[in-house]
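Below are the chains, spelled out letter by letter.
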Amino acid sequence: PEESLEAPAPAATETVIETEAKVKTEPVTEVVQAPSVEIEASVAEPQPQQSAIPEWAAQRFQCLLFKGAGLSLAVPLVKLNSVIAWDENITETPNQTDWYLGLIQHLQKQVKVIDTALLVLPENRRDALKQASADRLGHILLVDDYKWGLACESIGDVVWLTKDEVK
C-alpha cells in the first residue's frame, strides 16, 4: 500500500511537464470566444454632502458656559443631560491618555470622564495643569445620553448662540 501511494506522484509530474511542452509547441487551430455578458451599470445619484452643522444648530440654540483651565467653553443644552459635582470616586483605567480620567457610575450607566482642559489645550499649555485633578475640577457635565462626562472647573450662565458664533 505504501508503494502505490508514492508511485503516482512522479507520473503526475511527468504528465504536467509533457502537457506544458505540447502547449508551447502546438499551433492554435481554433479561436475560442468568451461568452458575452451583459453588465448592468448603475450610476449612484450623488448624495448631498452632509453638513458638519447638526440639525439643532440650524437656528439659535442655548448653551451652558463652563470653564476649563480658565478657558470659556460651551455645551449645547440639547446634548447636556445633567451636571453633577466632581466625583472623586472615578475608576481609573490603565493605559489611557492624560485627558481620559476614567469611569463613574451614574443612573446605572458607565460614564467616561475626560478632563476637558487637557483635551482642548495645546501641549505647551498642559504642563501648568499637572496639579491634581481634584484641586482644579469642580463639576462634571454629563452629555450625549450619559456616554461622556466633561470635567471642568466651574459652570456659568446659559446663553443663546447661532452657528456663526461658535468657534
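These numbers come from a predicted model, not from an experiment.

**Q** When you look at the nonpolar core in this model, what are you seeing that I'm missing?
**A** In globular proteins that are soluble, nonpolar side chains generally tend to be buried together. Counting residues in each nonpolar core, the largest one holds 12 residues, listed as Ile84, Trp86, Ile90, Leu101, Ile104, Val111, Val113, Leu137, Ile140, Leu142, Tyr146 and Ala151. Secondary-structure elements contributing two or more residues to this core are strand 4 (100-106), strand 5 (109-115) and strand 6 (139-143). Ranked by size, the runner-up nonpolar core spans 11 residues in total, among them Phe66, Leu141, Leu150 and Cys152.

**Q** I would appreciate a short explanation of the pattern of salt bridges in the present structure.
**A** Any two side chains of opposite charge can pair, given that their charged atoms come close. In the structure shown here, the tally under the stated rule is 2 salt bridges. Lys79 is the partner of Asp144 in a salt bridge, and the nearest nitrogen-oxygen pair spans 4.0 Å. Taken as a pair, Asp144 in the loop between strand 6 and strand 7 (148-152) and Lys79 in the loop between strand 2 (71-76) and strand 3 (80-85) lie far apart in primary sequence, 65 residues in all. Ionic pairing is found between Arg136 and Asp115, a salt bridge with its closest N-O pair at 2.2 Å. Taken together, the positions of Arg136 in helix 5 (residues 133-136) and Asp115 in strand 5 put the pair 21 residues apart, joining distant regions of the chain. Comparing Arg136 with Asp115, the two get one shared label, buried.

**Q** Just to check I follow, could you spell out the sheet that holds strand 1 (residues 61-68) for this structure?
**A** What holds strands together in a sheet is hydrogen bonding between their backbones, with the strands either parallel or antiparallel. Judged by pairing direction, the sheet is antiparallel, and its 3 strands sit side by side in the order 2-1-8 without closing on themselves. On the outer flanks of this sheet lie strand 2 and strand 8 (154-161), each paired with one strand and no other. Direction aside, neighbouring strands of the sheet carry axes that sit 30° apart on average. Sheet topology places strand 1 next to strand 8; 6 bridges connect them, and they run antiparallel. When the bridges of strand 8 are listed, Phe61 appears paired with Leu161.

**Q** Even after reading the chapter, I still don't get the sheet that holds strand 5, so can you show me in this structure?
**A** Taken in spatial order, the 5 strands line up as 3-6-7-5-4 in an open sheet, and their pairing is mixed. A strand with exactly one partner marks an edge of an open sheet, and here the two such strands are strand 3 and strand 4. Within this sheet the neighbouring strands show an average axis-to-axis angle of 30°, counted without direction. With 5 bridges connecting them, strand 3 and strand 6 associate as antiparallel partners. Bridged to Ile84 within strand 6 is Ile140.

Thresholds applied
Residues numbered from 1 in each chain as written. Predicted model: local features only at pLDDT ≥ 70, side-chain atom pairs only at ≥ 80, totals over all residues. Heavy atoms only, no water. Core = buried A, V, L, I, M, F, W, Y, C linked by side-chain atoms within 4.5 Å. Buried < 20%, exposed > 50% of the residue type's maximum accessible area, 1.4 Å probe, protein only. Helix = DSSP H or I, 4+ residues; strand = E, 2+ residues; numbered from the N terminus. Salt bridge = Lys/Arg side-chain N within 4 Å of Asp/Glu carboxyl O. Pairing = 2+ DSSP bridges. Axes fitted to C-alpha atoms, helices over the stretch in contact; angles between N-to-C directions.

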